[in-house]
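Below, each chain spelled out in residue letters.
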Amino acid sequence: MTTPLTCQELVELITDYFEGALSPADRARFEDHLSACTACRSYLSQMRQTIKLTGQLTPESIPLPEQTELLSIFRDWKNNTLN
Amino acid sequence: MQTSLASEADLLTALRQGNEDAFQTLFDKYHTSLVRLATVYANDRAAAEEVAQDTWIGVLKGLNGFQGRSSLKTWIFTILINRAKTRGQRDSRSLPFSALVSAETESDEPTVSPDRFAQPHDPLETGGHWLQSPRNWEELPEAHVLSQETGQHLKAAIAALPPVQRQVITLRDIDGFSAEEVCNILEISETNQRVLLHRARAKVRQALEHYFEESLS
């Protein structure tokens, strides 16, 4: 019989949980603890929200001078290689 | 941000035919991520930008020889890493990447401060439970959570991360690379990838928590 997880242990396993890297036994312990602990469910929810908000950060657009440079790289290559 | 294989194949064909729109599509998609990744190895943004441009030159030169054993995306990023490492070796000020990975994965530091949990005072207590429950962010005003200001704090938290943690969270959670792709591109083990991601996300969560607490008190 395995020992149940403490909250302090659970928070360190959270990424392994999301990545599907926990063993079936550990995953069961994780989910058992979660089902009985509102505080850890809040933490999990905060972590999910963090990941979601991070995913919504829009990448900065490429500054125009850099775009121009990239296009000229392409045109040089095209002229030298394809023609 | 997943590219379907069919559209990557189309892009490749169009590129090989010298289609400028195809090239524009490709660099719109990846250039800022390439520059961001290069900054781990390079000393400043200008150097990172040069490495990224060098990468595109390498991509175009290698187009005909590209056999599709990896995805186009992985191939492009691998070229970047190779260019960045070569350049990093020339600028001897840069720390080797492996040293950075070691430093950032080594110690067994907890990602949540131990003083947030009950410590047992006698052998019969188990301890380890939250002294105070983390707040439920779903109860916060949505407009505030999704605001530009939150975004700024998020960006600042990510920028403050140590370099490899910053790259892993950026590649995974912003650029949408899979765990496997990140391991291949950065040449790190699955375990290290997880440790780095774990630490990065925990720091970002903590920064957000701090910001929400301050801005809403």
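These lines cover the structure that appears in this document, whether it is placed above or below. Keep in mind it's a predicted model, so treat the numbers as computed, not measured.

For the rest of this paragraph, the subject is the overall build of chain A. On a plain count of helices and strands, chain A comes out with four helices and zero strands. Whereas a compact globule of 83 residues would reach a radius of gyration of roughly 12 Å, chain A reaches 24 Å, over 25% beyond that. Based on the C-alpha atoms only, the size of chain A along its principal axes is roughly 70 × 25 × 15 Å. Of all intrachain contacts in chain A linking residues separated by at least 6 positions in sequence, the fraction that spans at least 24 positions is 55%. In the form shown here, chain A has an accessible surface area of approximately 4600 Å², with 52% of it arising from carbon and sulfur atoms. In chain A, 7 side chains carry a positive charge and 11 a negative one; their mean positions are 9 Å apart.

With that settled, consider the overall build of chain B. Check the secondary structure of chain B and you find 10 helices and zero strands. In sequence order, the secondary structure elements of chain B are arranged as α-α-α-α-α-α-α-α-α-α. Residue burial in chain B is summarised as follows: out of 217 residues, 48% are buried. A separation of at least 24 residues holds for 67% of the contacts in chain B among residues at least 6 apart in sequence. Roughly 11100 Å² of accessible area belongs to chain B as shown, and the carbon and sulfur atoms make up 49% of that amount. Here chain B contributes 22 positive and 30 negative side-chain charges, whose respective centroids are spaced 7 Å apart.

Each side of the interface is counted separately: chain A has 44 residues, and chain B has 57 residues. Between chain A and chain B, a total of about 4400 Å² is buried, with carbon and sulfur atoms accounting for 62% of that surface. If you look at where chain A meets chain B, you find four salt bridges. Put simply, E20(B) and R75(A) hold a salt bridge, and the shortest N to O gap is 2.7 Å. Seen at the junction of chain A and chain B, the total is 15 residue pairs in polar contact (both at pLDDT 80 or more). Mapped onto the side of chain A that touches chain B, the elements with two or more residues apiece are α1 (7–18), α3 (38–55) and α4 (64–81) of chain A. Residues that form the side of chain A that touches chain B fall into these classes: 21 nonpolar, 15 polar and eight charged.

The packing of two helices is summarised by the inter-axis angle and the distance between the axes. It is the contact of α4(A) with helix α2 (residues 20–41) of chain B, at a shortest axis distance of 11 Å, that shows an interaxial angle of 135 degrees. In this view, α4(A) runs oblique relative to α2(B), as classed from their interaxial angle. When you trace α4(A) past α2(B), the crossing you get is right-handed. The residues of α2(B) that touch α4(A), namely those facing E66(A), Q67(A), L70(A), L71(A), F74(A) and R75(A), are E20(B), F23(B), Q24(B), F27(B) and H31(B). Taken together, the residues of the contact of α4(A) with α2(B) sort by class into five nonpolar, three polar and three charged.

Within the largest apolar cluster, 68 residues are counted, with the highest numbers of intra-cluster contacts made by W56(B), I76(B), F77(B) and L186(B). The greatest single-element share of this core, amounting to 11 residues, is contributed by α2(B). Those residues in contact with W56(B), other than ones at most four positions away along the chain, are L70(A), F23(B), L26(B), F27(B), Y30(B), H31(B), L34(B) and I76(B). Of all hydrophobic cores here, the second largest spans 19 residues; its members include L10(A), V11(A), Y17(A) and F30(A).

Along helix α9 (residues 179–186) of chain B, the residues that are buried comprise E181(B), V182(B), C183(B), I185(B) and L186(B). Phi turns positive one or two residues past the end of α9(B), at E187(B), with a value near 55 degrees.

For the rest of this paragraph, the subject is the side chain of Q165(B). Residues and elements named next belong to chain B. Of note, Q165 is situated in helix α8 (residues 163–174). A distance of 2.8 Å separates a polar atom in the side chain of Q165 from a polar atom in the side chain of K203. Discounting chain neighbours no more than four positions away, the residues touching Q165 are E104, L196, R199, A200 and K203.

We note that E187(B) has phi near 55 degrees; this positive angle belongs to a residue other than glycine. Tracing the backbone through its elements, the reader meets E187(B) in the loop between α9 and α10 (190–216).

Residue and element names in this part refer to chain B. When you line up the elements, L80 lands in helix α4 (residues 72–90). In this structure L80 comes out as buried when scored by relative accessible area, which is 0%. The spatial distance from the C-alpha of L80 to the C-alpha of D54 is 8.0 Å, given a sequence separation of 26 residues. Sequence-distant contacts of L80, defined by excluding residues within four places in its chain, comprise L34, L37, A38, V51, A52 and T55.

Thresholds applied
Residues numbered from 1 in each chain as written. Chains lettered and ligands numbered in written order. Predicted model: local features only at pLDDT ≥ 70, side-chain atom pairs only at ≥ 80, totals over all residues. Heavy atoms only, no water. Helix = DSSP H or I, 4+ residues; strand = E, 2+ residues; numbered from the N terminus. Rg over C-alpha atoms; globule rule 2.2 N^0.38 Å. Contact = heavy atoms within 4.5 Å. Areas by Shrake-Rupley, 256 points an atom, 1.4 Å probe, with all protein chains shown as cover. Lys, Arg positive; Asp, Glu negative; His and termini not counted. Charge placed at Lys NZ, Arg CZ, Asp CG, Glu CD. Buried < 20%, exposed > 50% of the residue type's maximum accessible area, 1.4 Å probe, protein only. Buried area = accessible area lost by both parts, 1.4 Å probe. Salt bridge = Lys/Arg side-chain N within 4 Å of Asp/Glu carboxyl O. Polar contact = N/O pair within 3.5 Å; in protein donor to acceptor, adjacent residues only side chain to side chain. Nonpolar A, V, L, I, M, F, W, Y, C, P; charged D, E, K, R; others polar. Axes fitted to C-alpha atoms, helices over the stretch in contact; angles between N-to-C directions. Parallel < 35°, antiparallel > 145°, perpendicular 65-115°, else oblique. Left-handed = near helix turned anticlockwise from the far one by under 90°. Core = buried A, V, L, I, M, F, W, Y, C linked by side-chain atoms within 4.5 Å.

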